[in-house]
Each structure stands twice: as structure tokens, then as C-alpha cells.
Amino acid sequence: MRIVLLGPPGAGKGTQADHIVDEYGIPHISTGDMLREAIKNETSVGLEAKNYIDKGELVPDDVIVRMVKERLGRPDCEKGFILDGFPRNLEQGRALDDALNELDVNLNSVVYVNVPEDVVIERLSGRRICRSCGVNYHVKYMPPKEEGVCDKCGGEVYQRPDDKPETIKNRLAVYRQQTADLISYYEDRGLLVEIPGDKTVEEVTREIDARLEAV
Ligand code: ADP
Ligand code: AMP
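Residues numbered from 1 in each chain as written. Chains lettered and ligands numbered in written order. Predicted model: local features only at pLDDT ≥ 70, side-chain atom pairs only at ≥ 80, totals over all residues. Heavy atoms only, no water.

**Student:** So what's going on with the packing of aromatic side chains? Residues and values would help.
**Tutor:** Applying the stated criterion across every chain yields a total of 1 aromatic pair. Centre to centre, the rings of Tyr185 and Tyr186 are 5.1 Å apart; their planes meet at 75°, and the pair counts as edge-to-face. The same class applies to Tyr185 and to Tyr186, which are both buried. One cation-aromatic arrangement involves Arg131 over Tyr158; the distance from NZ or CZ to the ring centre is 4.1 Å. (Phe/Tyr/Trp six-rings, centres within 6.5 Å; stacked < 30°, edge-to-face > 60°. Buried < 20%, exposed > 50% of the residue type's maximum accessible area, 1.4 Å probe, protein only. Lys NZ or Arg CZ within 6 Å of the ring centre and 35° of its normal.)

**Student:** Could you give an account of the site of ligand 1, naming the residues involved and the relevant values?
**Tutor:** Lining the immediate environment of ligand 1, one finds 18 residues, of which Thr15, Arg127, Asn136, Tyr137 and Lys199 sit closest. Ala11 is positioned with one of its backbone polar atoms (N or O) 3.2 Å from an oxygen atom of ligand 1. Gly14 has a polar backbone atom sitting 2.8 Å from an oxygen atom of ligand 1. Look at ligand 1: alone it shows 560 Å² of surface, and the protein chains cover 92% of it. (Near = heavy atom within 4 Å. Polar contact = N/O pair within 3.5 Å; in protein donor to acceptor, adjacent residues only side chain to side chain. Areas by Shrake-Rupley, 256 points an atom, 1.4 Å probe, with all protein chains shown as cover.)

**Student:** Got a sec to walk through the packing of helix H2 (residues 31–40) against helix H4 (residues 61–72)? Specific residues and values, please.
**Tutor:** Running from N to C, H2 and H4 point in directions that differ by 105°, and their axes come no closer than 11 Å. On the basis of the axis angle, H2 is roughly perpendicular to H4. Across from Thr31, Met34 and Leu35 in H2, the residues of H4 making contact are Ile64, Met67, Val68 and Arg71. Its residues placed into classes, the contact of H2 with H4 shows 5 nonpolar, 1 polar and 1 charged. (Axes fitted to C-alpha atoms, helices over the stretch in contact; angles between N-to-C directions. Helix = DSSP H or I, 4+ residues; strand = E, 2+ residues; numbered from the N terminus. Parallel < 35°, antiparallel > 145°, perpendicular 65-115°, else oblique. Contact = heavy atoms within 4.5 Å. Nonpolar A, V, L, I, M, F, W, Y, C, P; charged D, E, K, R; others polar.)

Right under this line is the structure:
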């Protein structure tokens, strides 16, 4: 199964990807996670990406496309993958098509998690993440049992710097200007499956499961 998860930042793509990974046993490829890891490890990609991420801008396409192509070529992607956070604009959408053509495979589905902007803002502002294992929390909807401490590994639970109000505003503007175009790009090719994301995590999961079963 080869899936792209589309939707605004904070729609719940990462949350739902964790479930799809369990269900289908395919890797979750989040370009945001890969870039944050690169920043942590102070690689050349990380150093270049940091300035863009801090401002809520997109990292240049050539950097991202190179990174994703390398990742899709690894053996664990042979049985499929879930892409989360990529593609982010039409240029990246076309680059993904080229990369898949080279690998002689197709996308099965593009799952568009549609969530209104006020809900997304509330989700992003309340999002917290474990610095060690990456598990995600929400201060209101999924708080850790002890504030600031990960239930799973005891690591520090922190707020992403780009989940602060000013950066959120810019990320949503970038989404509207650049990423939203991909909805019709995939709709025109009959790949788009739209899921209303303004429901509980479990309800959204059930709906995605039902729609993917039909693919
Ligand atoms: P994305 O990967 O699309 O940016 P996340 O999966 O990180 O979004 O979710 C953003 C925040 O919203 C997180 O704090 C997550 O715990 C919370 N969240 C995700 N799905 C839901 C939901 N259905 N209801 C309430 N909160 C949610
Ligand atoms: P995310 O974790 O998906 O919310 O991404 C966090 C940030 O990483 C974004 O605001 C961008 O700066 C950068 N980023 C992630 N994926 C991409 C991408 N496909 N293209 C460009 N920048 C990206």
C-alpha cells in the first residue's frame, strides 16, 4: 500500500499514520520528522533546513526531493509506505510522480484529512512531543499522565518551536498558498479520499480504515 497523507499542519496526519503503520506494516515517512532529526544531528541538511522551519517556510524543493528519493529507495519501502508532509506543493507532487515512475510503482491512495482552520490552530497550539521517543500529546485531548513527562519512555515532553502562534499563522498561510493546490492535482487523477478530520482520533481512524479497505 502506497499512501500520501494530505491536509493542513495539525490535521492529525502523524497521529493517524501511527495507526496505519500498525495496520499495514509499512514505514511512516514524515519529512518534518526527518528534518527535525537532521537538525538534532547537525547535518548539512539540518543546518540548511533550520532557518526555514523556524519561520514556518518550506525548505527548498531540491533538498526535500533528494531526501525523499533516497528514503523511498530503501528496502523497507518495497512493500509500501505512508508519506506524511510530502508532497507540499505541485513541484514536489511532480517530483514524487517521477520518483515512483523510476521505481515502477504507483500511489494507491491520497488520504486528505480535512480539518477547519480554527480546529487546526487549537490542535497545533496544544501539541506536545516527547523529545526522546517522538510520541505526540495534546494538552487538552491527549495529555501525558504527568505534565512534561512522556508516559511511554519518561522522556521530556516539549512544545515544537514552530508550534508558537506567529509561526503557526505563517505555516497555515503557506499551506493555503502552496499545498492546497495538491488537492485538485490528486482529485483529477481519481486518487483523493477525503476524510472529515474534526472528530475523535478513533472516529477518524475508523473512517480511514474503511476507505482504505475499499482501495
Ligand atoms: P499533523 O501531523 O497533521 O501536523 P498531529 O498528528 O501532530 O498533526 O496532530 C496535531 C495535534 O492534534 C497533536 O497534539 C495531536 O495529539 C492532536 N490530535 C490529532 N488528532 C486529533 C483528534 N482527532 N482530536 C483531537 N486532537 C487530535
Ligand atoms: P511538519 O512536521 O510536516 O509540520 O513540518 C515542519 C516543517 O518542516 C515545515 O513547516 C517546513 O518548514 C518543513 N517541511 C516539512 N516537510 C516539508 C516539505 N515536504 N517541503 C518543504 N518543507 C517541509
